[in-house]
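Spelled out from the first residue to the last, the chains are:
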Amino acid sequence: MRTSSKREQILEAAVRVLTRQGLEKTRISDIVREAGVAQGTFYLYFSSKHALIPAIAAGVRSRMLLALRQEVPASGSLQEILEALVDGTIRITGELRDELVLCYLGLALSGGLQSWEEARFTYCDWLAGVLEPCRQRGEIHPDTDLMIAAGMVKELVESVAERIQLYGGEQGLSRSSRRELLVFLMRALGGPECAQLC
């Protein structure tokens, strides 16, 4: 994260401290010391250390979507779009590994998984828009509900990326998983001509 405000300083420091110490062992005083701000400044932005987690999650989701929007070609073929989506998601998941682990653990403990899911709609809406030209060109079956398909693609791609980046997938497994995921997605989304290509 780029430091642009006291709030961002606190969030950056929180990620570092929480990653080192864990949620339960971290005290607000640890975070403000790391951030170089007064304890009162912390409470201007957050009511507790648990309130940090949804803010960290929102930042993670925003950065992931921004990066994917830059990497995924809006006018590419279905295969080009899926390759960029898979490769980008795997890369970004690796870059944001610590933040993602914090988010998953913290949101599960705090009951804030709903805030994580709210970001899902924005992602699916974007991906459905990217996939629409593919459907118009016949690369995706014409009866496909793109919002539902985008949600399924998102879940599957993120699951494979997490398995590779968060759970220490081996390099060979990474290449194999990537290839199988791309073939599966092409077959699942593809129109009649895709069955011959895959």
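Residues numbered from 1 in each chain as written. Predicted model: local features only at pLDDT ≥ 70, side-chain atom pairs only at ≥ 80, totals over all residues. Heavy atoms only, no water.

1. Comments concerning the overall build of the protein chain
Definition in use: Helix and strand definitions here come from DSSP, where helices need a minimum of 4 consecutive H or I residues and strands a minimum of 2 consecutive E residues; each element is numbered from the N-terminal end. Relative accessibility thresholds used throughout: buried, under 20% of the residue-type maximum; exposed, over 50%; partly exposed, between the two (1.4 Å probe, protein chains only). Each accessible area is a Shrake-Rupley result for a 1.4 Å probe, and residues are judged covered by the shown protein chains and nothing else.
A tally of regular secondary structure across the protein chain gives 10 helices and 0 strands. Ordered by position in the sequence, the α and β elements of the protein chain form the string α-α-α-α-α-α-α-α-α-α. Here the protein chain holds 198 residues, and 44% of them are scored as buried. Surface exposure of the protein chain reaches about 10,300 Å², of which carbon and sulfur atoms provide 53%.

2. What to know about the confidence of the model for the protein chain
For clarity, the cut-off: Confidence scores per residue from the predictor, reported as pLDDT, run from 0 to 100.
Scored by pLDDT, the protein chain comes out at a mean of 85, with 84% of its residues at no less than 70. For the protein chain, per-element mean pLDDT is lowest for helix α10 (residues 192-197), which scores 51, and highest for helix α2 (residues 28-35), which scores 95.

3. Looking at the side chain of E162
For clarity, the cut-off: The charged-residue count follows a simple rule in which Lys and Arg add positive charge and Asp and Glu add negative charge, with His and chain termini not counted at all. Any Lys or Arg side-chain nitrogen found within 4 Å of a carboxyl oxygen on Asp or Glu counts as a salt bridge. Any two residues having at least one pair of non-hydrogen atoms within 4.5 Å are treated as being in contact.
As for its placement among the helices and strands, E162 is situated in helix α8 (residues 146-165). Buried E162, no salt bridge; nearest opposite-charge side chain is R61, N-O distance 6.2 Å. Ignoring any residue separated from it by four or fewer positions in sequence, one finds E162 in contact with T93, Y104 and Y167.

4. What about the environment of Y104?
Take Y104: it is sitting in helix α6 (residues 97-110). Residue classification places Y104 among the partly exposed residues on the basis of a relative accessible area of 25%. For the pair Y104 and I53, spaced 51 residues apart in the sequence, the C-alpha separation amounts to 9.0 Å.

5. Some details on the packing of aromatic side chains
What counts, and what does not: The aromatic pairing rule takes the rings of Phe, Tyr and Trp, using the six-membered ring of Trp, and pairs them if the centres are within 6.5 Å, calling planes under 30 degrees apart stacked, those over 60 edge-to-face and the rest tilted. In this analysis the charged atom, NZ for Lys or CZ for Arg, is taken to sit over a ring once it is within 6 Å of the ring centre and within 35 degrees of the ring normal.
One pass over the structure, following the stated rule, counts 4 aromatic pairs. For the pair F42 and F46, a centre-to-centre distance of 5.7 Å together with 45° between the ring planes defines the contact as tilted. Assigned by exposure class, F42 and F46 land together as buried. Ring plane angle 50° and centroid distance 6.5 Å describe the contact between Y45 and F46, whose orientation is recorded as tilted. On the accessibility criterion, Y45 (37% relative accessible area) is partly exposed. Taking the relative accessible area as the measure of exposure, F46 reaches 4% and is therefore buried. Seen from the ring of Y123, K154 lies directly overhead, with NZ or CZ sitting 5.7 Å from the centre.

6. With respect to the side chain of E158
To keep things clear, this is the line we draw: Whenever two N or O atoms come within 3.5 Å, that pair is a polar contact, provided that in protein one can donate a hydrogen and the other can accept it, and provided that, for residues adjacent in sequence, both atoms are side-chain atoms.
Mapped onto the fold, E158 is located in helix α8. In this structure the side chain of E158 is engaged in a polar contact, spanning 2.9 Å, whose partner is the side chain of K154. Excluding its chain neighbours within four sequence positions, the residues that come into contact with E158 are R61, M64, T89 and Y123.

7. Here's the deal with α8
Test applied: Expected helix span is given by 1.5 Å per residue-to-residue step, counting one fewer step than there are residues.
A rise of 1.5 Å per residue sets the reference length of α8, with its 20 residues, at 28 Å; its end C-alpha atoms lie 27 Å apart and thus fit the reference within 8%. Within the span of α8, buried status applies to L146, A149, A150, G151, V153, K154, V157, E158, V160, A161, E162 and I164. The N-cap of α8, judged by a side-chain oxygen 3.1 Å from the amide nitrogen of M147 a few residues on, is D145.

8. What to know about the pattern of salt bridges
Applying the stated criterion to the full structure yields 15 salt bridges. The partner of R33 in a salt bridge is D30, and the shortest N-O contact between them spans 3.5 Å. Note that R33 and D30 are positioned in helix α2 at a spacing of 3 residues, about one turn of the helix. Assessed through its relative accessible area of 57%, R33 is described here as exposed. In this structure D30 comes out as buried when scored by relative accessible area, which is 8%. For E158, the salt bridge identified is with R61, shortest N-O distance 2.9 Å. Of this pair, E158 sits in helix α8 while R61 sits in helix α4 (residues 52-71), and the two are 97 residues apart along the sequence. We classify E158 as buried; its relative accessible area is 7%. Through salt bridges with shared partners, one network takes in R61, K154, E155 and E158.

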